[in-house]
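The residues making up each chain are set out below.
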Amino acid sequence: MTNTENSPFYDYLVKLHQKYSSLNNGKIPNYIPELTEAKAEWFGISVITTDGQIFEVGNCDQLFTIQSISKAFVFGLALEDHGREYVNSKVSVEPTGEAFNSITLDEKTNRPYNPMVNAGAIATADLIKGDTATERLKRILAMFKRYTGKEHEIDVPVFLSEKATGNKNRAMSYLMLNFNMVSDRIEETLDLYFQQCSIRVNARDIAMLSATLANGGVNPITQERAIDEHYVQDVISVMLTCGMYDASGEWTYRVGIPAKSGVGGGISAVVPKILGIGTFSPLLDAKGNSIRGIKVCEDLSRDFGLHLFNMGKPKHNLQEWIGEGKIEND
Ligand code: GLN
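Notes on the structure in this doc start here.

**Observations concerning the overall build of the protein**
Phase 1 of the analysis: Looking only at helices and strands, the protein features 14 helices and 7 strands.
Phase 2 of the analysis: Relative to the globule expectation of 20 Å for 330 residues, the C-alpha radius of gyration of the protein, 19 Å, shows essentially globular dimensions.
Phase 3 of the analysis: By its C-alpha atoms, the protein is 55 × 40 × 35 Å across when sized along the principal axes.
Phase 4 of the analysis: Burial statistics for the protein: of 330 residues in total, 58% are counted as buried.

The following block contains the structure:
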């Protein structure tokens, strides 16, 4: 790793962190009781380029639960296990415009709307192959290790807290069973879903997950392939259209970077071929997205022209600041 702290991009991130660390709007969610253990001041920003430079500021070692960010990656594994057609027969890819935990299925096909809302994520978890519950969980953990290059643990108190209180998720699972969208091992699949959401990560891990997708599915440091290259575009597209739940339209309009948030306070954002962003701050807005994380991504997008459809000259030249790397080659 190069000494990125001498870079003007690092100085920019330090200022960005200062700018938003006093922003105390939003709430730590309490619908999963154990999540209230988080501290409002926790705030980390990590950016990892596809040529492996790591820039980070703030609480980038603080562990928190990945929550819904896991959904994008487990969707990728389901695609590898079954292919597009079968996965799409069980879960659609349409934005809902509704809250992440709403109990709604597509009226015509009975499918959950997309893999980024809870119903669709549970249907996706159901698709993960393995002869036993343990094997299915181990396959998910092994997948996250390929992305981040390190072992991850489950936060057992968060898992148990969610299992004890997650009756809305249970209700939508039974509704999907009624329509044959999931198999009848409901409690096993719900456990798997709650466990995948309870995986412990830090902001750097989130940036690494994002950077691996940005790098076509190959971890930029270990060079290990985490996902079949054919499915990278599937995962990133659904992040763009559905990753911020019922704020996805506004997010795409304002920020224009495919992203996925989680109620643990993380946001993963993918700038294809260039870099991955991981932000962490547990203060959430009413839709369940991290308020400081949104602000950080808005600023990065605007100041460096990272919006997918940006045609203007950005305030700062990212290429000059982070080096040539992959950007020049592409
Ligand atoms: N595990 C959480 C739930 O099922 C995930 C939600 C989220 O991160 N938006 O409610």
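After that view, the rundown keeps rolling.
**Focus on the packing of aromatic side chains**
Phase 1 of the analysis: Per the stated rule, a full pass over the model turns up 13 aromatic pairs.
Phase 2 of the analysis: For the pair Tyr-12 and Trp-321, a centre-to-centre distance of 6.2 Å together with 55° between the ring planes defines the contact as tilted. Here Tyr-12 is found in helix α1 (residues 8–21), whereas its partner Trp-321 is found in helix α13 (residues 318–322), with 309 residues between them in sequence.
Phase 3 of the analysis: Connected via pairs of aromatic rings, a cluster forms that spans Phe-9, Tyr-12, Phe-55, Phe-304 and Trp-321.
Phase 4 of the analysis: Cation over ring: Arg-292 sits above Phe-43, and NZ or CZ is 5.2 Å from the ring centre.

**Let's talk about helix α6 (residues 156–165)**
Phase 1 of the analysis: Residues of α6 that are buried include every one of Val-158, Phe-159, Ser-161 and Glu-162, and no others. The buried residues of α6 all sit within an arc of 165° when viewed along its axis, so they share a single face.

**Notes on the nonpolar core**
Phase 1 of the analysis: Grouped together as the largest cluster of nonpolar side chains are 60 residues, with contacts concentrated most on Phe-73, Phe-144 and Leu-213.
Phase 2 of the analysis: Elements with a contribution of two residues or more to this core: α2 (69–82), α4 (118–126), α5 (133–148), α7 (167–178), α8 (186–197), α9 (203–214) and α10 (229–242).
Phase 3 of the analysis: Per element, the largest residue contribution to this core is 8 residues, and it comes from α2.

**Digging into the environment of Asn-118**
Phase 1 of the analysis: Tracing the backbone shows Asn-118 in helix α4.
Phase 2 of the analysis: On the basis of relative accessibility, which here comes to 4%, the residue Asn-118 falls in the buried class.
Phase 3 of the analysis: Along the primary structure Asn-118 and Ser-173 are separated by 55 residues, whereas in three dimensions their C-alpha atoms are 9.5 Å apart.
Phase 4 of the analysis: A distance of 2.6 Å separates a polar atom in the side chain of Asn-118 from a polar atom in the side chain of Lys-71.

**Here's the deal with the pairing of strand β7 (residues 275–280)**
Phase 1 of the analysis: Burial analysis of β7 places 6 of its 6 residues in the buried class, the great majority of the element.
Phase 2 of the analysis: Residues Leu-275, Ile-277 and Thr-279 line one face of β7 and the alternating positions Gly-276, Gly-278 and Phe-280 line the opposite face, and both faces are buried.
Phase 3 of the analysis: Two strands pair when backbone bridges link them, and strand β1 (residues 44–49) and β7 are joined in this way by 6 bridges, in the antiparallel orientation. Directly across from Ile-45, in β7, lies its bridge partner Thr-279.
Phase 4 of the analysis: Across 6 bridges, strand β6 (residues 266–271) lies against β7 in antiparallel orientation. Note that in β7 the partner of Val-270 across the bridge is Gly-276.
Phase 5 of the analysis: Where β6 folds back onto β7 in an antiparallel hairpin, the turn is made up of 3 residues, including Lys-273, whose phi is positive at roughly 70°.

**What to know about the packing of α1 against helix α12 (residues 291–304)**
Phase 1 of the analysis: Contact pair α1 / α12: the axes reach a minimum separation of 10 Å and the direction vectors enclose 140°. For the element pair α1 / α12, the angle class is oblique. Where α1 crosses over α12, the two elements pack in a sense that is right-handed. Listed contacts from α12 to Phe-9, Tyr-12, Leu-13, Leu-16, Lys-19, Tyr-20 and Ser-21 of α1 are Arg-292, Lys-295, Val-296, Asp-299, Leu-300, Arg-302, Asp-303 and Phe-304.
Phase 2 of the analysis: Residue classes in the contact of α1 with α12 are distributed as 8 nonpolar, 1 polar and 6 charged.

**A look at α5**
Phase 1 of the analysis: Counted at 1.5 Å a residue, the expected span for α5 with its 16 residues is 22 Å, and the 23 Å between its end C-alpha atoms agrees.
Phase 2 of the analysis: Along α5, the residues classified as buried are Arg-136, Leu-137, Ile-140, Leu-141, Met-143, Phe-144, Tyr-147 and Thr-148. Each buried residue of α5 lies within a common arc of 150° when the element is viewed along its axis, so the set occupies one face. Within α5, the exposed residues directed more than 90 degrees away from the buried face are Thr-134 and Lys-138.
Phase 3 of the analysis: Taken together, the buried residues of α5 touch α2, α4, α8 and α9.
Phase 4 of the analysis: Two residues or fewer past α5, Gly-149 is found with a positive phi of approximately 80°.

**Here we look at the sheet that holds strand β2 (residues 54–58)**
Phase 1 of the analysis: Taken in spatial order, the 5 strands make up an open sheet running β2-β1-β7-β6-β5, and their pairing is antiparallel. Each edge of the sheet is formed by a strand with only one pairing partner; in this case those strands are β2 and β5 (259–261). Going across the sheet, the axis of each strand differs from the next one's by a mean of 10°, ignoring polarity.
Phase 2 of the analysis: Strand contacts of α1: β1 and β2, with the helix running at about 25° to β2, the strand carrying the most contacts.

**Considerations on the side chain of Ser-102**
Phase 1 of the analysis: Within the fold, Ser-102 resides in the loop between α3 (84–90) and α4.
Phase 2 of the analysis: On the basis of relative accessible area, Ser-102 is assigned to the buried category, the value being 15%.
Phase 3 of the analysis: At 3.4 Å, the side chain of Ser-102 forms a polar contact with the side chain of Glu-98.
Phase 4 of the analysis: Beyond its immediate stretch of four places on either side in the chain, Ser-102 contacts Lys-168 and Met-172.

Each value, and the rule that gives it
Residues numbered from 1 in each chain as written. Predicted model: local features only at pLDDT ≥ 70, side-chain atom pairs only at ≥ 80, totals over all residues. Heavy atoms only, no water. Helix = DSSP H or I, 4+ residues; strand = E, 2+ residues; numbered from the N terminus. Rg over C-alpha atoms; globule rule 2.2 N^0.38 Å. Buried < 20%, exposed > 50% of the residue type's maximum accessible area, 1.4 Å probe, protein only. Phe/Tyr/Trp six-rings, centres within 6.5 Å; stacked < 30°, edge-to-face > 60°. Lys NZ or Arg CZ within 6 Å of the ring centre and 35° of its normal. Arc of directions from axis to C-beta. Core = buried A, V, L, I, M, F, W, Y, C linked by side-chain atoms within 4.5 Å. Polar contact = N/O pair within 3.5 Å; in protein donor to acceptor, adjacent residues only side chain to side chain. Pairing = 2+ DSSP bridges. Axes fitted to C-alpha atoms, helices over the stretch in contact; angles between N-to-C directions. Parallel < 35°, antiparallel > 145°, perpendicular 65-115°, else oblique. Left-handed = near helix turned anticlockwise from the far one by under 90°. Contact = heavy atoms within 4.5 Å. Nonpolar A, V, L, I, M, F, W, Y, C, P; charged D, E, K, R; others polar. Expected span 1.5 Å × (residues − 1).

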